[in-house]
Amino acid sequence: MLDKLLVSDILYAATSTGAEFAEVFVESNKKNSLGLINGKLERALSGIDFGIGIRIINKDRMVYVYTNKKDRESLIQLIASSMEYANMVVYEKSRENKEYEGMGTTLEICLIYNNRVYIGHIGDSRVYRIRNKVMRKLTKDHSYVQQLLEDKKITREEAMHHPKKNMLTKALGCTSYIDPDLRARVINKNDIILMCSDGLTNMVSEEEIYQITKENPKEAANKLTMLANNHGGYDNITVLIIMWGEKKVWI
């Protein structure tokens, strides 16, 4: 008997450039079907060169993965292989058509198993965890502004309005090779996981994100999207909220 893993919208993606590719992820999830890109990533997740045999079933906006390997390193490798394949698909697409030359996107993956969330991250979309009364960012932006912050060359206030805020240092599909962040974090029964694109975080403060999500997780994705649009909404706005204890996902 294969063990069942729960992957919370493992094919979630938010756009930076190359919107056509990323929008397929979002729309196919909203329509509750695997869709074209999901099928491509299913082949990636089948463990090319890694021997991780799986199959994917999409149900109620959740993606269920069946695998016979469930140790930490195998799960991290599962995410890494899917991201590598997704990168190859976008990169090859950009080479086929001059119109797509230089396109790239961000990608966030959350795989939840045995009270741990396994995260794959590249770009400046984000994954947050809300626990009790604290919201913590579980990813680090791959951006020029983030590097300036780490080097203490600008303040957080200056970062919010920096003219090169959208310049990425890492992205999916820009080169044939990627080096994503891969990590595992403990997730408790009442934790809330929030995944979002920079279209949200550029328009809505972290304090507002926390307050709205904590108050009503079920309605928060819609409320946060509306608020970002009301504040200007010049970029793709994607919000996905996971309540692990209730096995619920809202987009």
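In this text, all values refer to a predicted model and were calculated from it rather than measured experimentally.

Chemist: Give a description of the pairing of strand E6 (residues 116-122) that names residues and reports values.
Modeler: Where a strand is regular, its side chains alternate between the two sheet faces. Burial runs high along E6: 6 of the 7 residues are buried. When strand E5 (residues 105-113) meets E6, the two strands line up antiparallel, connected through 7 bridges. Bridge assignment links Ile 109 to a residue of E6, and that residue is Gly 120. Where E6 and strand E9 (residues 181-186) come together, 6 bridges link them in antiparallel fashion. Its bridge partner lying in E9, His 121 is registered against Asp 181.

Chemist: Describe the sheet that holds strand E10 (residues 192-196), with residues and values.
Modeler: Spatially, 5 strands are ordered E8-E7-E10-E11-E12 in an open sheet, and the strand pairing comes out antiparallel. The two strands at the open ends of the sheet, each matched to only one other strand, are strand E8 (134-137) and strand E12 (248-250). When strand polarity is set aside, the average angle formed by the axes of neighbouring strands in this sheet is 20°. Direction of pairing for strand E7 (residues 126-131) relative to E10: antiparallel, over a ladder of 5 bridges. Along E10, the bridge assignment pairs Tyr 128 with Leu 194. Its contacts with the sheet put helix H8 (residues 217-230) on E10, strand E11 (239-243) and E12, and the angle it makes with E11 is roughly 170°.

Chemist: Pulling in residues and values, what's your account of the packing of helix H7 (residues 206-215) against H8?
Modeler: Here H7 crosses H8 at 145°, and the two axes come no closer than 7 Å. Crossing angle aside, the handedness with which H7 passes H8 is right-handed. Side by side, H7 and H8 meet where Glu 208, Ile 209, Ile 212, Thr 213, Lys 214 and Glu 215 of the first sit next to Pro 217, Ala 220, Lys 223, Leu 224 and Leu 227 of the second.

Conventions we followed
- Residues numbered from 1 in each chain as written.
- Predicted model: local features only at pLDDT ≥ 70, side-chain atom pairs only at ≥ 80, totals over all residues.
- Heavy atoms only, no water.
- Buried < 20%, exposed > 50% of the residue type's maximum accessible area, 1.4 Å probe, protein only.
- Helix = DSSP H or I, 4+ residues; strand = E, 2+ residues; numbered from the N terminus.
- Pairing = 2+ DSSP bridges.
- Axes fitted to C-alpha atoms, helices over the stretch in contact; angles between N-to-C directions.
- Contact = heavy atoms within 4.5 Å.
- Left-handed = near helix turned anticlockwise from the far one by under 90°.

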